[in-house]
Amino acid sequence: MALDLPDVIDRYFRAVNDRDLDAFVACFADTASVADEDRLYDGRASIRSWRQKTMDAYSYTAEPVRLTPQAGDSYLALTRVSGDFPGSPVELRYRFTLRDGLIGALDIRQ
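The sections below set out a description of the structure shown in this document.

Reading guide: rules and limits
Residues numbered from 1 in each chain as written. Predicted model: local features only at pLDDT ≥ 70, side-chain atom pairs only at ≥ 80, totals over all residues. Heavy atoms only, no water. Helix = DSSP H or I, 4+ residues; strand = E, 2+ residues; numbered from the N terminus. Buried < 20%, exposed > 50% of the residue type's maximum accessible area, 1.4 Å probe, protein only. Salt bridge = Lys/Arg side-chain N within 4 Å of Asp/Glu carboxyl O. Pairing = 2+ DSSP bridges. Axes fitted to C-alpha atoms, helices over the stretch in contact; angles between N-to-C directions. Contact = heavy atoms within 4.5 Å. Core = buried A, V, L, I, M, F, W, Y, C linked by side-chain atoms within 4.5 Å.

**Thoughts on unusual backbone geometry**
Here is step 1 of the chain: Residue Pro89 is bonded to the preceding Ser88 through a cis peptide linkage, with omega at -5°.
Here is step 2 of the chain: The residue Pro89 is located in the loop between β4 (74-83) and β5 (90-99) in this model.
Here is step 3 of the chain: You will see that Arg19, though not glycine, has its phi angle at about 55°, which is positive.
Here is step 4 of the chain: The residue Arg19 is located in the loop between α1 (7-18) and α2 (21-26) in this model.
Here is step 5 of the chain: Phi at Glu37 takes a positive value of approximately 50°, unusual for a residue other than glycine.
Here is step 6 of the chain: Looking at the secondary structure, you find Glu37 in the loop between β1 (28-36) and β2 (39-42).
Here is step 7 of the chain: Residue classification places Glu37 among the exposed residues on the basis of a relative accessible area of 68%.

And the structure:
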C-alpha cells in the first residue's frame, strides 16, 4: 500500500531513487539543514555537496514504510534503504521538518 506523503517528502524520495541531484536539492529551503552520520550540512550548497558525495559512493533506493505526523509541521518516516553499502538493507528514521512547502530540516538516524 502506498503511503500518503506530503508533496515535498514524496518529491524527496523520488529524487533519491531517480538519482536526480537538482530535484533533490530543490526539495530544501535555502537555509535548510541535514543531520546524517553525526555530521550537519547547512544550506543548499552544503546539502548538494553531501548528496553528490553519497551518490558517488553508493547506489541505493529509499522507500518509506511508515509515516507518522509529529508536532508542528514535522513527520517521522521509517524508511527501508537498500543498496550497495555495507549492512544493506537497513531501516532508518527520517525526521522531516517542513517550512513553506519545503524541507527546512532533515535528521537521518538508525
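Okay, back to it.
**Quick look at the pattern of salt bridges**
Here is step 1 of the chain: In the structure shown here, the tally under the stated rule is five salt bridges.
Here is step 2 of the chain: Its salt-bridge partner being Asp22, residue Arg48 comes within 3.0 Å of it at the nearest N-O pair. Within this pair, whereas Arg48 is found in helix α3 (residues 43-57), its partner Asp22 is found in helix α2, the two being separated by 26 residues in sequence.
Here is step 3 of the chain: On the basis of relative accessible area, Arg48 is assigned to the partly exposed category, the value being 31%.

**Quick look at the pairing of β4**
Here is step 1 of the chain: As judged from the nine bridges shared by strand β3 (residues 60-69) and β4, these two strands associate in the antiparallel manner. In the strand pairing of β4, Leu67 is matched with Ala77.
Here is step 2 of the chain: Taking the residues between adjacent antiparallel strands as the criterion, β3 and β4 are bridged by four residues, where Gly72 takes a positive phi near 65°.
Here is step 3 of the chain: Sheet topology note: the β4/β5 ladder contains eight bridges and is antiparallel. Its bridge partner being in β5, Leu76 is matched across the sheet by Arg95.
Here is step 4 of the chain: Linking β4 back to β5 in an antiparallel pair, the connection comprises six residues, with Gly87 at a positive phi of about 85°.

**Here's the deal with the sheet that holds β2**
Here is step 1 of the chain: Within the open sheet, the six strands sit side by side as β2-β1-β6-β5-β4-β3. Their pairing is mixed. Across the chains shown, the open sheet's two edge strands, defined by having one partner strand only, are β2 and β3. This sheet shows a mean twist of 20° between the axes of neighbouring strands, independent of strand direction.
Here is step 2 of the chain: Of the strand pairs in this sheet, β1 and strand β6 (residues 102-109) are connected by five bridges, and their pairing is parallel. Note that in β6 the partner of Phe28 across the bridge is Ile103.
Here is step 3 of the chain: Packing against the sheet, α3 makes contact with β1, β2, β3 and β6, and its axis sits at approximately 45° to β1.

**Observations concerning the nonpolar core**
Here is step 1 of the chain: By size, the foremost hydrophobic cluster in this structure holds 34 residues, and its most contacted members are Tyr12, Phe24, Phe28, Tyr94, Phe96, Ile103 and Leu106.
Here is step 2 of the chain: Elements with a contribution of two residues or more to this core: α1, α2, β1, α3, β3, β4, β5 and β6.
Here is step 3 of the chain: In terms of residues, this core owes the most to one element, α1, which gives six residues.
Here is step 4 of the chain: Those residues in contact with Phe28, other than ones at most four positions away along the chain, are Tyr12, Val34, Arg44, Ile47, Leu102, Ile103 and Leu106.

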